[in-house]
Amino acid sequence: MDREAILENVRLWQSRIGEASQKWGGAQICAVTKTRDADTINLTWEAGIRTIGENRVQELMGKIDDLNPDFQLHLIGSLQTNKVKYIIDRVDMVQSLDRDVLAEELSRRAEAAGRVLPVLVQVNIAREPQKGGISEEELPAFLRRCARLPGIHVQGLMSIMPLVDDPEQVRPYFRRMRCWFDRLRDENLENISMDVLSMGMSDDCIVAAQEGSTMVRLGRALFGARP
């Protein structure tokens, strides 16, 4: 896809997401950059993208030095504990915190690097066994354990919805995620803030924005089919 097509896509989806999320005060686009080269990714800055999300540590490390350094760089894919050391001082947020051992390793490495790492807790709202994420029942207790770790700061929630033909099928899951987000924000848990609700991707982002997402993760919608 050429430069003008990418810029047009970004502006189109910014408008669509802005309209769909108006009730909630707007939602930000996180450009999903898996398989995209740095030159292509950097084009999106011209159209106003400020946050990008990478799925794989190895791919990220291969292009990170060529990315616009002003991007907010989020790791959005499943993260193995043995890969934490590579990204701990290179990313601005980890969106896929889903287990205690990962929380502890992120905190330990962040402390050693002299920082507090922003994270989102991934929630498996649809209870899909093939996906990572904390269950609804485990979420409050998990957050309290995370709150005791000095090297991380939970700033919200993330969820990946089931793949469906009609995004209306997953509207109830988006609605439940927003309910959790609001409930936890109102509880004012110590060392936990609910600022970011990352949910919605290219196929279901409009429904997600309508139901209160503050960040949608768009790849194909912006860049076209993966090479």
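Overview of the structure.

Check the secondary structure of the protein and you find 9 helices and 8 strands. Its C-alpha atoms give the protein principal-axis dimensions of about 45 × 40 × 30 Å. Residue burial in the protein is summarised as follows: out of 227 residues, 54% are buried. Expressed as a percentage of contacts within the protein between residues at least 6 apart in sequence, the contacts between residues at least 24 apart total 61%. Counting only carbon and sulfur atoms, one obtains 45% of the accessible surface of the protein, whose full area is about 10600 Å². Treating the 30 positive side-chain charges of the protein as one cloud and the 34 negative ones as another, the clouds have centres 3 Å apart.

Attention shifts here to helix 7 (residues 171-187). Between the first and last C-alpha of helix 7 there are 25 Å, a value that for 17 residues agrees with the 24 Å anticipated at 1.5 Å per step. Turning to helix 7, its buried residues number three or more, namely R171, F174, M177, R178, W180, F181, D182 and L184. Note on helix 7: the residue one or two positions beyond its end, N188, has a positive phi of about 50 degrees.

Where helix 6 (residues 139-147) meets helix 7, the closest approach of the two axes is 12 Å, and the angle between their N-to-C directions is 45 degrees. Here helix 6 is positioned oblique relative to helix 7, judged by the angle of their axes. The handedness of the crossing between helix 6 and helix 7 comes out as right-handed. Seen from helix 6, the contacting residues are L139, P140, L143 and R144; seen from helix 7, they are W180, L184 and E187. Considered class by class, the residues forming the contact of helix 6 with helix 7 number 5 nonpolar, no polar and 2 charged.

Scoring rules and cut-offs
- Residues numbered from 1 in each chain as written.
- Predicted model: local features only at pLDDT ≥ 70, side-chain atom pairs only at ≥ 80, totals over all residues.
- Heavy atoms only, no water.
- Helix = DSSP H or I, 4+ residues; strand = E, 2+ residues; numbered from the N terminus.
- Buried < 20%, exposed > 50% of the residue type's maximum accessible area, 1.4 Å probe, protein only.
- Contact = heavy atoms within 4.5 Å.
- Areas by Shrake-Rupley, 256 points an atom, 1.4 Å probe, with all protein chains shown as cover.
- Lys, Arg positive; Asp, Glu negative; His and termini not counted.
- Charge placed at Lys NZ, Arg CZ, Asp CG, Glu CD.
- Expected span 1.5 Å × (residues − 1).
- Axes fitted to C-alpha atoms, helices over the stretch in contact; angles between N-to-C directions.
- Parallel < 35°, antiparallel > 145°, perpendicular 65-115°, else oblique.
- Left-handed = near helix turned anticlockwise from the far one by under 90°.
- Nonpolar A, V, L, I, M, F, W, Y, C, P; charged D, E, K, R; others polar.

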